[in-house]
Amino acid sequence: MMKTEKKVQEPIFHVVKKDGVVLWRAWLIRAAAIVLALLVCALLILVMTDQTPVEVFESIFEGAIGVRGVNVMALFQSAAMLLCISLAVTPAFKMKFWNIGAEGQVLMGGLAAAACMICLRGVVPNGVLILLIFVTGVLAGMLWGVIPALFKAQWGTNETLFTLMMNYAAMQIVSFFVVKWENPKNSGKIGIINQRGEFKQAGWLPELFDVDYLLNILIVLAVMILAWVYLKYSKQGFEITVVGESENTARYVGINVKKVIIRTMAISGAICGLAGVLLVAGTHHTIAANTAGGNGFTAVMVSWLAKFNPFVMAGVSFFIAFLEKGAGGLATNTGLNASFADIIIGILLFFIIGCEFFLNYRIVVNKQRFSGRLKQKGGE
Amino acid sequence: MAFLSFILRFLPRAVTQGIPLLYGCTGEILTEKSGNLNLGIPGIMYVGGISGIIGGFFYETYAAEMNPVLTILIPFVCSLLGSGLMALIYSFLTITLRANQNVAGLALTIFGEGVGNFFGGSLVKLVNNGSAEIKLNKTNVAFRQVLPFAKDWGWFGELFLNYGFLAYLAILVAVAVALVLKRTKTGLNLRAVGENPATADAAGINVTRYKYVATCVGGMIAGLGGLYYVMDYQMGTWANDGALGARGWLAIALVIFALWKPHVGIIGSVLFGGLYILYNYVGVARNIEPLFNMLPYVVTIVVLIITSIRKKRENQPPASLGLAYFREER
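Since the model is a prediction, treat every value here as computed from it, not as a measurement.

Chemist: How would you summarise the overall build of chain B if you had to cite specific residues and measurements?
Modeler: Broken down by element type, chain B carries 14 helices and zero strands. Traced from its N-terminal end to its C-terminal end, chain B shows the element sequence α-α-α-α-α-α-α-α-α-α-α-α-α-α. By sequence separation, contacts in chain B at least 24 residues apart represent 79% of the contacts at least 6 residues apart.

What follows is the structure in structure tokens.
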């Protein structure tokens, strides 16, 4: 008895890894993805609302920059905060350390700032107070980032899950202090800290040249340039890249991998802490469990989409902040729910994430098989 | 006797809190066993919940007479479809397009939370039928229907029989997934895919298909957690308070706590549910409440640390968790 051999067919196409892609082509592919995503969003908006495309466009712009641009600084501020947190997570990601605990690190930084504003007002001069706010905020964020790093370095504890859990621990700690310091009593929130009275604006970051949030934005821009120099030109930045590419190579060339992991996470957490300080002392002058507002998670995507380039990150942050505020404006004008912004951003992210495939891989069609099938079909 | 009455008050509440976590945990275990770390579970739970609400809302609003089977079936199927679609998006991005799993998962969570809160807030407006808010009076009663003789069985009935059918389904699903993973060839193959896809591929296992099926089925299971939450716990209403998202992350924590074993997840879910509401029962002041809410996360961190220190091989995450598989890359 003869065993019939199973007929094996070659697949019609297969996927091959690309060696690299020219810069302009890469950006062309990304731009195409964004255009496609925006088309899908436009379609969605037209289905959901009964507005004309021009009205929709106006609503989005009005939501983003306000009537005649009154909110343009707020837009820059949102973008700057997102950029700051994105810059913070970048060194860790470059090392392939998935720090998705930025949310918690920001909150701890903010909490330290709030604590200084509440407990040290009137105790020390305002200049010293602001200095202390920065120091403690940065240290608090650093502490929250270093804890998972220590365990990762020592025992290889999974950092994605660890940092994720630390977010929620931080949120509950903040909730604890919100109840402790709540003002007025039983309101469940802190309210604006040092709004009036004897300690008016104690610990608030000063307003430069009467422009809202200018100091925040300048600080973030400085961090951006420092991060770029650090990652690209410093020895430590190089060590981060090597550890990220291959821990074995790093060990072989004599890099102390544990030290690099802990040091990098300390930096990552510290910048997150700084973002927390800017949010609490420089923007909201209060703190709540949702002060970070999900930016810790969005930042993960900003950093990754920008391929760890700080300047690209600035552009991506601005784009996302614009869309978020714009979609919010659209939602208000049409009486819909503000969560519409999340849907639009989600769709956009899906397309951008998906298009990376076409940067790294190409599809090769098996011509013989393909034409063979065509012939077969013609013969039938 | 004081203790018994405390148990009778406390445990059923803990179970009710735990069921959404159990669904999410079981779904995520199945997903992670295929090597996919799906951080989109909170988003999937949102969509699972809102899809059920949307289905029930239309049926309850437009059906002249409500058929008891359809009352349950329509939200149930809608929920499965919604969460399945979400998992499919994630699968396509990470398996076919080999995108980074963390990034795709977080995007899915943002999207899902947006979808949930958007429709939760605007559904009434979009349909424009005059009602002020979503309130599925009849549907939620159907979902919360308990066995008729539960009342006659005393403490046993109160403790074990006093839940809607989705609660029992959660336990059944968890046991079933545990058995499939541990005792069947399919489960063995799936675990091989999660541990070392290249080896599984060489052994003739269709890696792509296993990953797709596990991730999508896992997503659907997790989505049921959302359905249970809105239909049973929230009694057919929707609140834009982010509570479902918190439960989604807690479910991911529970996966670690359960050491990737669904049957351990059953106990773990009641424990986590209990920790979540413990402050109500031990008479703490309001200001310490958040510290109690922190307990599940801290416990998870401790478990994570201990398992990484002990390095017992059967308690580790799947080896290829979080990595995309590309056949030509060895």
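Chemist: Talk me through the overall build of chain A; I want residue IDs and the actual numbers.
Modeler: Helix and strand content of chain A: 14 helices and two strands. In chain A, of all internal contacts separated by at least 6 residues, the share reaching a separation of at least 24 is 79%.

Chemist: Give a description of helix H5 (residues 126-155) of chain A that names residues and reports values.
Modeler: Residue and element names in this part refer to chain A. Given a rise of 1.5 Å per residue, 30 residues ought to cover 44 Å, and the 44 Å separating the end C-alpha atoms of H5 matches this to within 8%. At Val-146, H5 shows its largest bend, some 25°, and a proline, Pro-148, comes one to four positions later. Remark: Gly-156 follows H5 within two positions and exhibits a positive phi of approximately 70°.

Chemist: Break down the interface of chain A and chain B for me, with residues and values.
Modeler: Contacts between the two partners involve 41 residues from chain A and, on the opposite side, 45 residues from chain B. Contributions of two or more residues to the side of chain A that touches chain B are made by strand S1 (13-17), H5, helix H6 (159-180), helix H11 (295-305) and helix H13 (340-360) of chain A. In the side of chain A that touches chain B, the residues fall into 26 nonpolar, eleven polar and four charged.

Chemist: Break down the environment of Ala-292 of chain A for me, with residues and values.
Modeler: All names here are of chain A. Counting through the fold element by element, Ala-292 comes out in the loop between helix H10 (257-284) and H11. Separated by 110 residues in the primary sequence, Ala-292 and Glu-182 place their C-alpha atoms 19 Å from one another. Contact partners of Ala-292, with chain neighbours within four places excluded, come to Glu-103, Val-106 and Leu-107.

Chemist: Give a description of the packing of helix H8 (residues 235-245) of chain A against H10 of chain A that names residues and reports values.
Modeler: Residues and elements named next belong to chain A. Where H8 meets H10, the axes come as close as 10 Å, and the angle between the chain directions of the two elements is 115°. Accordingly, the angle class assigned to the pair H8 and H10 is roughly perpendicular. Both H8 and H10 take part in a crossing whose hand is left-handed. Between H8 and H10, the residues in contact are Glu-239, Ile-240 and Val-243 and Val-257, Val-260 and Thr-264, respectively.

Chemist: Tell me what's going on with unusual backbone geometry, and back it up with residues and numbers.
Modeler: Despite not being glycine, Lys-96 of chain A shows a phi value in the positive range, around 60°. Its place among the elements puts Lys-96 of chain A in the loop between helix H3 (72-94) and helix H4 (102-119). The exposure class of Lys-96 of chain A is partly exposed, given the 13 C-beta atoms found within 10 Å. The phi dihedral of Leu-259 of chain B falls on the positive side, at around 55°, and the residue is not glycine. Looking at the element boundaries, Leu-259 of chain B is found in the loop between helix H11 (243-257) and helix H12 (262-277).

Chemist: So what about the pairing of S1 of chain A? Which residues, and what values?
Modeler: All names here are of chain A. For S1, a buried count of zero out of five residues is recorded, marking the element as mostly open to its surroundings. Note: S1 against strand S2 (residues 361-365), five bridges, orientation antiparallel. Counterpart to Val-15 in the pairing with S2 is Ile-363.

Chemist: Would you mind going over the packing of H6 of chain A against helix H14 (residues 295-310) of chain B in detail, with residue names and values included?
Modeler: At a minimum axis separation of 9 Å, H6 of chain A and H14 of chain B run at an interaxial angle of 160°. It follows from the interaxial angle that H6 of chain A and H14 of chain B lie roughly antiparallel. Where H6 of chain A crosses over H14 of chain B, the two elements pack in a sense that is left-handed. Facing H6 of chain A, whose interface residues are Leu-161, Phe-162, Met-165, Tyr-168 and Ala-169 of chain A, H14 of chain B presents Tyr-297, Val-298, Thr-300, Ile-301 and Leu-304 of chain B. Across the contact of H6 of chain A with H14 of chain B, the residue classes break down as nine nonpolar, one polar and no charged.

Chemist: Break down the confidence of the model for chain B for me, citing the residues and quoting the values.
Modeler: All names here are of chain B. Per-residue confidence for chain B gives a mean pLDDT of 82; residues scoring 70 or more make up 89%. Here helix H6 (residues 154-161) is the element of chain B with the lowest mean pLDDT, 67, and helix H10 (residues 207-233) is the one with the highest, 90. Interface scoring of the predicted complex returns ipTM 0.84; its pTM is 0.85.

Chemist: Can you explain H10 of chain A? Please cite residues and give values.
Modeler: Residue and element names in this part refer to chain A. The terminal C-alpha atoms of H10, which comprises 28 residues, lie 39 Å apart, in line with the 40 Å expected from a rise of 1.5 Å per residue. By the criterion of burial, H10 is predominantly enclosed, with 21 of the 28 residues buried. Count one or two residues on from H10 and you reach His-285, which has phi positive near 55°.

Chemist: Tell me what's going on with the confidence of the model for chain A, and back it up with residues and numbers.
Modeler: Chain-level statistics for chain A give a pLDDT mean of 79 and a share of 87% at 70 or above. Model confidence for chain A, summarised as mean pLDDT per element, is weakest for helix H14 (residues 367-379) of chain A at 61 and strongest for H4 of chain A at 87.

Chemist: Pulling in residues and values, what's your account of the environment of Leu-275 of chain B?
Modeler: All names here are of chain B. By the element assignment, Leu-275 lies in helix H12. On the neighbour-count criterion, Leu-275 (21 C-beta atoms within 10 Å) is buried. In this structure the C-alpha to C-alpha distance between Leu-275 and Asn-293, which are 18 residues apart in sequence, comes to 7.0 Å. Once you skip the residues sitting within four places of it in the chain, Leu-275 turns out to touch Leu-295 and Pro-296.

What counts and what doesn't
- Residues numbered from 1 in each chain as written.
- Chains lettered and ligands numbered in written order.
- Predicted model: local features only at pLDDT ≥ 70, side-chain atom pairs only at ≥ 80, totals over all residues.
- Helix = DSSP H or I, 4+ residues; strand = E, 2+ residues; numbered from the N terminus.
- Contact = placed C-beta atoms within 7 Å.
- Expected span 1.5 Å × (residues − 1).
- Bend = angle between axes of the 7 residues up to and from the residue.
- Nonpolar A, V, L, I, M, F, W, Y, C, P; charged D, E, K, R; others polar.
- Axes fitted to C-alpha atoms, helices over the stretch in contact; angles between N-to-C directions.
- Parallel < 35°, antiparallel > 145°, perpendicular 65-115°, else oblique.
- Left-handed = near helix turned anticlockwise from the far one by under 90°.
- Buried ≥ 20, exposed ≤ 12 C-beta atoms within 10 Å, placed from the backbone.
- Pairing = 2+ DSSP bridges.
- pLDDT = per-residue confidence, 0-100.

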